Each structure stands twice: as C-alpha cells, then as structure tokens.
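Listed below, chain by chain, are the residues.
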Amino acid sequence: MTTAFPVRGDAALVLEGGGMRAHYASGAMDFFLEAGIRFPYVIGVSAGISNAASYVSGQFGRNRQVFTRFAGDPRYFSWWNWFREGNPFGMDFIYRELPNHLPFEFAAFESAPTRFRVGATDCETGRAVYFDKGDAPLTEALLASSSLPMVGRMARVNGRLYLDGGIADPIPFAQAAADGFPRRVVVLTRNQGFRKPAPGPAMRAAIRLKYRHFPGLAEAVRRQHETYNRQLDELEAEEVGGRLMVIRPSKPLAVGRYSQDRAELECLYQNGHADAAACADQLRDFLSP
C-alpha cells in the first residue's frame, strides 16, 4: 500500500461504460484504493458506474471477484436470458441477487462522503438524467443505467422508463464540470483513436420500429455514434489543454461488450491497474490541492 495523499475538493472521477470492457476501470479503481485516492465526486454510466459502487464502498478486489467467479455463469450472461428476460445479461441476478452472493457493503457506500451520480437515458425525452444517492434505490438506478438499447428492456424507476446512460451522455465529463468538479480524471474503455461507426440502414430502420412510440429515444439511439464521437473529440481537446486527465487501455482490446473469457478479462483488469499505476506521479500532481 502507498501512502494516501489528499485530493482536491473539486476533483471528479468520470467513467465510461462498455459492458465487460468496463472491467478495465475495475483495475484502475483498485489501484486508486491501494493508493488512497478517494475522489469526492464520481459519475458514470452503465457498467462503469456499476463497478464504481464497489470503489466508493471501499471494497478492494470485489469487482475482480465478480468476474472471476461469475463470468461464464449463465445467470450472469446468456442468450437464454435474452429470450426469457429481454436482456442477455441477467439483470435481476446481477443487480438484485449477486450482492448477496458476494456481499456489497451498502452501509459503507451510503456513509461515504463521495457524491455518486448514475447517468441514465430518459425514454420519453431521449435526454440524459442523473440519479444521486437517495433519488432511487442504488440497485434500481444502476439497473436503469445499464439497460442496453435494442437488446434490453426499459427499466422503470420512480414511475419513469429509462435505458442505458451511454445513449445520451456516454462520457459525462461535461456534467462533472457543470456540477462544480472541473478537475476530472476520465477512465475510458476504448483504445486511443477509436471512433464509433454509424448504424447501417437496416439498424436505423430497426431503431425506428422498436422505439416508434418514443421518438426522442429513437433519435438519441440513432445518433449515439455522433454523440460519442463528438465527446471524444471534446475530451481530447480538453486533455491537450490540461483541463482533464485520461486513462485509457494501453494494450489492444481483446474483450468485447459481451466477452465471458476469464483469462481475457483478467488481462484487461491488470491492464487497467498497470495503466493507473504508471501515471501515479501525474495523478498526484493533477489531484493534489
């Protein structure tokens, strides 16, 4: 363990989603816990913010145990889940049962002084919304943020329908600044230079059909690639300007959104841990008051 250092009060941790790719951020966050780096503000979407809950509760290695024990478990992921529950990921198992199999410290999470914001997409408007602690039960907010478009069902929270936060605000670094936390460390789950391709004609037609009763959502899903790529351009400009710091995979990704290969997932975790450790001095300079 390294000695903890104070972190400035306007520092934020921003997390991209990406399904199983978000295990990269698990490695980075375990390094943060080892180094005593505790951000006063954490925001993210989908699997990224789901994994961050264990960081906020201070449970070093918990996410790694989840993937070690449950990757390949059909309760966690299988296409049978899609036929049965409307999502290849077993959302009830992941968000309602798994915290009992591998206990999550809800009390430690709630008592942590960290402001924790879960990004989701409102299905009526197609716009981003953010749940704070107390706005909704944690498991329900995380489930809403992680409910994939097209292959997943909408999640209902407080009477409204939501889908994956990565649709409307995939990398919420601008929201962090708007909330008063301009000193941002952003953990991405794609290699440098990646850009999301546009959906083809068949996919665009499928989006319009599936969400014909939710025109705002349909437009947001159809233009998700534009939103994501624009954010990457803005992110890189702010990184060059020194206004934020980015940690991204240094090795070519072998893990996809649905990957269940434990060896590949472990390599991804180790890459995240190593990349965060490699910039420890830079983090100290960037985050110190």
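My aim in this report is to walk through the structure given alongside it, one point at a time. Going along each chain's sequence as written, the residues are numbered from 1 onward. Local features in a predicted model are, by the rule used here, given only for residues with pLDDT of at least 70; side-chain atom pairs are given and counted only at 80 or more, and totals for whole chains, interfaces and linings are based on all residues. Water and hydrogen atoms play no part in the side-chain values, which are based on all heavy atoms of the structure.

Looking at the overall build of the chain
And step 1. For the chain, the helix and strand inventory stands at 13 helices and eight strands.
And step 2. When we talk radius of gyration, it's over C-alpha atoms, and the globule rule is simply 2.2 Å times the number of residues to the 0.38. For 289 residues, the compact-globule formula gives about 19 Å, and the C-alpha radius of gyration of the chain, at 18 Å, lands near that figure.
And step 3. Principal-axis analysis of the C-alpha atoms places the extent of the chain at approximately 55 × 40 × 40 Å.
And step 4. A buried classification covers 56% of the 289 residues belonging to the chain.
And step 5. Whether two residues are in contact is decided by their heavy atoms: any pair within 4.5 Å suffices. Counting contacts in the chain only where the partners sit at least 6 residues apart, residues at least 24 apart contribute 75% of the total.
And step 6. Note on areas: Shrake-Rupley with a 1.4 Å probe; residue coverage comes only from the protein chains shown. Within the structure as shown, the chain displays about 12300 Å² of accessible surface, and the carbon and sulfur contribution to it stands at 54%.
And step 7. Residues scored as charged are limited to Lys and Arg (positive) and Asp and Glu (negative), so that His and the chain ends carry no count. Taken as the charge centre is NZ of Lys, CZ of Arg, CG of Asp or CD of Glu, depending on the residue. The distance from the centre of the 34 positive side-chain charges to the centre of the 31 negative ones in the chain is 4 Å. Counting from the N terminus, the helices are the DSSP runs of H or I reaching at least four residues and the strands are the DSSP runs of E reaching at least two. For the exposure calls, accessible area comes from a 1.4 Å probe over protein chains only, and a residue counts as buried if that area is under 20% of its type's maximum, exposed if over 50%, partly exposed in between.

Observations concerning a nonpolar patch on the surface
And step 1. Patch membership requires over 30% relative accessible area and the absence of a salt bridge. Like charges are linked within 9 Å, and nonpolar side chains (Val, Leu, Ile, Met, Phe, Trp, Tyr) within 5 Å. We define a salt bridge as a contact between a side-chain nitrogen of Lys or Arg and a carboxyl oxygen of Asp or Glu at a distance within 4 Å. On the surface, Trp79, Trp80, Trp82 and Phe83 cluster together to form a nonpolar patch covering roughly 520 Å² of accessible area.
And step 2. Note that Trp82 resides in helix 4 (residues 79-85).

Focus: the nonpolar core
And step 1. Counting 64 residues, the largest nonpolar core has Phe32, Tyr76 and Phe116 as its most contacted members.
And step 2. Those residues in contact with Phe116 that lie beyond four places of it in its chain are Val42, Ile49, Ala52, Ala53, Val56, Phe109, Phe131, Asp132, Lys133, Leu138 and Leu142.
And step 3. Core analysis: the second largest hydrophobic core is formed by 16 residues, Val14, Phe181, Tyr228 and Leu244 among them. The definition of a nonpolar core used throughout is a set of buried Ala, Val, Leu, Ile, Met, Phe, Trp, Tyr and Cys residues joined through side-chain atoms within 4.5 Å.

Quick look at the packing of aromatic side chains
And step 1. Classification of ring pairs uses Phe, Tyr and Trp, with its six-membered ring standing for Trp, and accepts pairs whose centres are within 6.5 Å; under 30 degrees between planes counts as stacked, over 60 as edge-to-face, and the remaining range as tilted. Evaluation of the coordinates by the stated rule reveals ten aromatic pairs.
And step 2. Look at Phe70 and Phe93: their rings are 5.6 Å apart centre to centre, the planes differ by 65°, and that puts the pair in the edge-to-face class. Placement of the pair is Phe70 in helix 3 (residues 62-70) and Phe93 in helix 5 (residues 91-101), with a sequence separation of 23 residues.
And step 3. Consider the rings of Phe104 and Phe106, whose centres lie 4.8 Å apart with planes at 85°: the pair is edge-to-face.
And step 4. Taking the relative accessible area as the measure of exposure, Phe104 reaches 12% and is therefore buried.

Quick look at the packing of helix 2 (residues 46-56) against helix 7 (residues 138-145)
And step 1. Contact geometry for helix 2 and helix 7: axes closest at 8 Å, N-to-C directions at 155°. Classed by the angle they form, the pair helix 2 and helix 7 counts as roughly antiparallel. Considering how the two elements wind past one another, helix 2 and helix 7 form a crossing that is left-handed. Along the contact surface, helix 2 presents Ser46, Ile49, Ser50 and Ala53, while helix 7 presents Leu138, Leu142 and Ser145. Whenever a helix is involved, its axis is fitted only over the stretch in contact; in every case the axis is a line through C-alpha atoms, and angles between N-to-C directions fall within 0 to 180 degrees. Note on terminology: angles under 35 degrees are roughly parallel, angles over 145 are roughly antiparallel, angles of 65 to 115 are roughly perpendicular, and the others are oblique. Less than a right angle of anticlockwise turn of the near helix away from the far helix marks a crossing as left-handed, whereas a clockwise turn marks it as right-handed.

Here's the deal with unusual backbone geometry
And step 1. With a phi close to 70°, Met150 is a non-glycine residue in the positive phi region.
And step 2. Summarising the element assignment, Met150 is placed in the loop between helix 7 and strand 5 (155-157).
And step 3. Positive phi values are uncommon outside glycine, yet Asn158 reaches one of about 50°.
And step 4. Within the secondary structure, Asn158 sits in the loop between strand 5 and strand 6 (160-164).
And step 5. By relative accessible area, Asn158 is classed as exposed at 60%.

Thoughts on helix 5
And step 1. Turning to helix 5, its buried residues number three or more, namely Met91, Phe93, Ile94, Tyr95, Leu98 and Pro99. Here the buried residues of helix 5 occupy an arc of 165° about the axis, which is enough to place them on one side.
And step 2. Looking at the buried residues of helix 5, the elements they touch are helix 2, helix 3, helix 4, helix 6 (106-111) and helix 7. In this description, one arc is meant: the one made by directions from the helix axis to the C-beta atoms.

Some remarks on helix 7
And step 1. Where burial is concerned, most of helix 7 is hidden: eight out of the eight residues are buried.
And step 2. Among the residues of helix 7, Leu138, Thr139, Glu140, Ala141, Leu142, Leu143, Ala144 and Ser145 are the ones counted as buried.

Quick notes on the state of the cysteines
And step 1. Two cysteine sulfur atoms make up a disulfide if the distance between them is within 2.5 Å. Applying the stated criterion across every chain, the model contains zero disulfides.
And step 2. Free cysteine Cys279: the closest other cysteine sulfur is in Cys267, separated by 20 Å.

Quick look at the side chain of Arg62
And step 1. Checked against the element boundaries, Arg62 lands in helix 3.
And step 2. Buried and without a salt bridge, Arg62 has Glu105 as its closest oppositely charged side chain, separated by 7.9 Å.
And step 3. We call two N or O atoms a polar contact when they sit within 3.5 Å, provided that within protein one can donate a hydrogen and the other can accept it, with sequence-adjacent residues counted only if both atoms are side-chain atoms. Engagement of the side chain of Arg62 in a polar contact is seen with the backbone oxygen of Pro103, the distance being 3.4 Å.

Details of the pairing of strand 1 (residues 11-15)
And step 1. The buried fraction of strand 1 amounts to five of the five residues, a majority that puts the element mostly inside the structure.
And step 2. Both faces of strand 1 are covered, namely the face carrying Ala11, Leu13 and Leu15 and the face carrying Ala12 and Val14.
And step 3. We treat two strands as partners when DSSP finds at least two bridges between them. By the bridge criterion, five bridges tie strand 1 to strand 7 (residues 183-187) in an arrangement that is parallel. For Leu15, the partnering residue across the bridge sits in strand 7 and is Val187.

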